[in-house]
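# Commentary on secondary and tertiary structure
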Amino acid sequence: MGAALALPRRLLVVLVGTAASAVHSAVADLRLAAEESPAVAEMLTAVPVGAARIEDLVQIGPAAPIWQPLGDRDRRAGRWTEL
């Protein structure tokens, strides 16, 4: 039997009911909530996490550079494969 394909782990969060102008605020809220939990903060260092609006997923597609990284405040939105 062939070798299994190992895919890197990622956690993708889909924002529903978030205006385009409020994405950065929603991501900041998610980061703040994660910082309040040591276990979640540790997970953010081990597993790349990104957030995107459902409207962008439907209109532009999941492969578009719409994913806001949650673990790194200095990074800009990118593709989910770049998280």
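Residues numbered from 1 in each chain as written. Predicted model: local features only at pLDDT ≥ 70, side-chain atom pairs only at ≥ 80, totals over all residues. Heavy atoms only, no water.

The grouping of Val 14, Val 16, Ile 54 and Val 58 at the surface amounts to a nonpolar patch, some 360 Å² of accessible area in total. Within the secondary structure layout, Ile 54 lies in helix H3 (residues 54-59). (Patch = residues over 30% accessible without salt bridge, like charges linked within 9 Å, V, L, I, M, F, W, Y side chains within 5 Å. Areas by Shrake-Rupley, 256 points an atom, 1.4 Å probe, with all protein chains shown as cover. Salt bridge = Lys/Arg side-chain N within 4 Å of Asp/Glu carboxyl O. Helix = DSSP H or I, 4+ residues; strand = E, 2+ residues; numbered from the N terminus.)

With that settled, the discussion passes to the pattern of salt bridges. Taken as a whole, this structure holds two salt bridges when the rule is applied. Put simply, Arg 53 and Glu 55 hold a salt bridge, and the shortest N to O gap is 3.5 Å. Between Arg 53 and Asp 56 there is a salt bridge whose closest N-O contact spans 3.1 Å. With respect to burial, Arg 53 and Asp 56 carry one shared label: buried. One continuous salt-bridge network, built from bridges that share partners, spans Arg 53, Glu 55 and Asp 56. (Buried < 20%, exposed > 50% of the residue type's maximum accessible area, 1.4 Å probe, protein only.)

Moving on, we come to the pairing of strand E2 (residues 49-53). For E2, the buried fraction is high: five of the five residues fall into the buried class. Where burial is concerned, the two faces of E2 agree: the one with Val 49, Ala 51 and Arg 53 and the one with Gly 50 and Ala 52 are both buried. Pairing of strand E1 (residues 11-15) with E2 involves five bridges; the strand directions are parallel. Along E2, the bridge assignment pairs Leu 11 with Val 49. (Pairing = 2+ DSSP bridges.)

On to the sheet that holds E1, then. Spatially, the three strands line up as an open sheet ordered E1-E2-E3, and their pairing is mixed. Edge positions in the sheet fall to E1 and strand E3 (68-69), since each of these pairs with one other strand and no more. Where E2 and E3 come together, two bridges link them in antiparallel fashion. Bridging across to E3, Ala 51 finds its partner in Gln 68.

What follows concerns the nonpolar core. One finds Leu 15, Val 23, Ala 26, Val 27, Val 49, Ala 51 and Leu 70 forming the largest nonpolar core, which totals seven residues. Of all elements in the fold, only helix H1 (23-35) and E2 reach the threshold of two or more residues within this core. It is H1 that provides the largest number of residues to this core, a total of three residues. Among all residues touching Ala 26, those that are not within four sequence positions of it are Leu 15 and Thr 18. (Core = buried A, V, L, I, M, F, W, Y, C linked by side-chain atoms within 4.5 Å. Contact = heavy atoms within 4.5 Å.)

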